[in-house]
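# Observations on the three-dimensional arrangement
Listed below, chain by chain, are the residues.
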Amino acid sequence: MVTLPGGDFLMGNAGRHVVPHDGEGPVRHVRLDPFSIDACAVSNADFARFAEATGHVTEAERFGWSFVFAGLLPDDFPPTRGVADAPWWRQVEGADWGHPDGPQSDLAERLDHPVVHVSWHDAQAYCAWAGKQLPTEAQWEYAARAGLERKRFPWGDELEPEGKHLMNVWQGAFPGENSLGDGFYGTCPVDAFAPNGFGLHNMTGNVWEWCADWFHPHFHTRDTRSNPQGPPEGANRSTRGGSYLCHESYCARYTVSARNSMTPDSATGNTGFRCCLPSG
Ligand SMILES: [Cu+2]
């Protein structure tokens, strides 16, 4: 883990790149106590140790299916149900954290990749076992920004500075063609790209990361500016950071301020988490 000093920072984005109904703005001063956060997302190896020690069965395992990106399924995969307005998401029976691309897949080549197909409840259970907690959205964003003010990405404003890929997102025409400019189609190892100025890897791209907060598009405009925890209740939990599927053309939520959410029992092949701890 990396210990961060906290203090005052500018949270949110009101620039031209925002997704308005996500509630990325306004830009506001937020104050945080010091805390520690994992340098990397929780890996499959980490989660395997937790499952082994506790016998935890994830929600996707109990439901018997999870959402897998169509491009990750073998060509001869049996028919699956899709999502109406996002047909590239397939409802795959037997997909779970140990079988991330469906029942024919395993973790052999990706123990150092982030665990996926874990719900918010699963992430909470892992955190409780590890004696940690999920970061709040404010902690997550402060950590992702690494002291840079009003920048779009953890390293600055440019998506590919000097043509260099600094995170795992989609290159090419989504969803049919990925030119693999960054070297990866699906997930990549949790430390695959250089860390940000705080020493944290893959804050954007690779996988969405669960945060502690209930999601609300506007609650933060009236929430406390000191260690905000989000709304007291809600339907969805917040996720941050975007994933290997993000692309400017359809989902540019691969930035430090972008927000998304899912119900706390949901799991997908592009959502994981990292843990945090109050410091001192
Ligand atoms: Cu996205």
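Read on for a plain summary of the structure.

Conventions adopted
Residues numbered from 1 in each chain as written. Predicted model: local features only at pLDDT ≥ 70, side-chain atom pairs only at ≥ 80, totals over all residues. Heavy atoms only, no water. Buried < 20%, exposed > 50% of the residue type's maximum accessible area, 1.4 Å probe, protein only. Helix = DSSP H or I, 4+ residues; strand = E, 2+ residues; numbered from the N terminus. Pairing = 2+ DSSP bridges. Donors = N, O, S within 2.8 Å, 3.2 Å for Na, K, Ca; no water. Axes fitted to C-alpha atoms, helices over the stretch in contact; angles between N-to-C directions. Contact = heavy atoms within 4.5 Å. Salt bridge = Lys/Arg side-chain N within 4 Å of Asp/Glu carboxyl O. Disulfide = S-S within 2.5 Å. Polar contact = N/O pair within 3.5 Å; in protein donor to acceptor, adjacent residues only side chain to side chain.

## Re the pairing of strand β3 (residues 28-32)
Taking every second residue as pointing to the same face, the buried face of β3 carries Arg28, Val30 and Leu32, while none of His29 and Arg31 on the other face is buried. Of the strand pairs in this sheet, strand β2 (residues 7-11) and β3 are connected by five bridges, and their pairing is antiparallel. Counterpart to Phe9 in the pairing with β3 is Val30.

## Looking at the coordination of the copper ion
At the metal site, the copper ion is ligated by Cys246 (SG) and Cys251 (SG), and these contacts range over 2.0 to 2.1 Å. Judged by its relative accessible area of 2%, Cys246 falls in the buried class. Given a relative accessible area of 9%, Cys251 falls into the buried group.

## Topic: the sheet that holds strand β1 (residues 2-4)
Across the sheet, three strands lie side by side as β1-β4-β12; this open sheet has antiparallel pairing. The open sheet has two free edges, formed respectively by β1 and β12 (276-278), since each of these has just one partner strand. Averaged over all pairs of adjacent strands, the angle between their axes in this sheet comes to 25 degrees, without regard to strand direction. Contacts from helix α4 (residues 137-145) reach β1, β4 (35-37) and β12 within the one sheet, and its direction differs from that of β4 by about 70 degrees.

## Regarding unusual backbone geometry
Gly25 connects to Pro26 through a cis peptide bond whose omega is 0 degrees. One can find Pro26 in the loop between β2 and β3. The omega angle of the peptide bond from Phe174 to Pro175 is 0 degrees, so this bond is cis rather than trans. The backbone of Arg150 shows a phi angle near 55 degrees, a positive value even though the residue is not glycine. Within the element layout of this structure, Arg150 appears in the loop between α4 and β8 (208-214).

## Focus on the pattern of salt bridges
Evaluated as defined, the whole model comprises 11 salt bridges. The residue Asp101 makes a salt bridge to Arg110 at a minimum N-O spacing of 2.8 Å. Asp101 sits in the buried class, given a relative accessible area of 12%. Look at Arg110 and you get buried, because its relative accessible area is 17%. Across the pair Glu248 and Arg152 runs a salt bridge, and its minimum N-O distance is 3.2 Å. Here Arg152 lies in the loop between α4 and β8 and Glu248 lies in the loop between β9 (237-240) and β10 (259-262), a separation of 96 residues in the sequence.

## A few points about the state of the cysteines
Inspection of every chain in the model, using the stated rule, returns zero disulfides. Unpaired in terms of disulfides, Cys40 finds its nearest cysteine sulfur in Cys188, a separation of 10 Å.

## Examining the side chain of Thr271
Within the secondary structure, Thr271 is located in strand β11 (residues 271-272). Classification of Thr271 by relative accessible area gives buried; the value is 2%. In this structure the side chain of Thr271 is engaged in a polar contact, spanning 2.8 Å, whose partner is the side chain of Thr268. With sequence-adjacent residues up to four places away left out, Thr271 is seen in contact with Val115, Val116, His117, Val118, Val207, Trp208, Trp210, Thr239 and Met262.

## A short note on the sheet that holds β11
Strand order in the open sheet formed by four strands is β10-β9-β8-β11, with mixed pairing between adjacent strands. Unpaired on one side and paired on the other, β10 and β11 mark the two borders of the sheet. Relative to β9, β8 runs antiparallel, the two being bridged by three bridges. Bridge pairing in β9 places Trp210 opposite Thr239.

## Describing the environment of Asp182
Within the secondary structure, Asp182 is located in the loop between α4 and β8. A residue is classified by how much of its surface remains accessible, and Asp182, at 7% relative accessible area, is buried. Along the chain, Asp182 and His165 lie 17 residues apart, while their C-alpha atoms are 5.4 Å from each other. In this view, Asp182 contacts His165, Met167, Asn168, Val169, Gln171 and Phe193; residues no more than four positions away in its chain are not counted.

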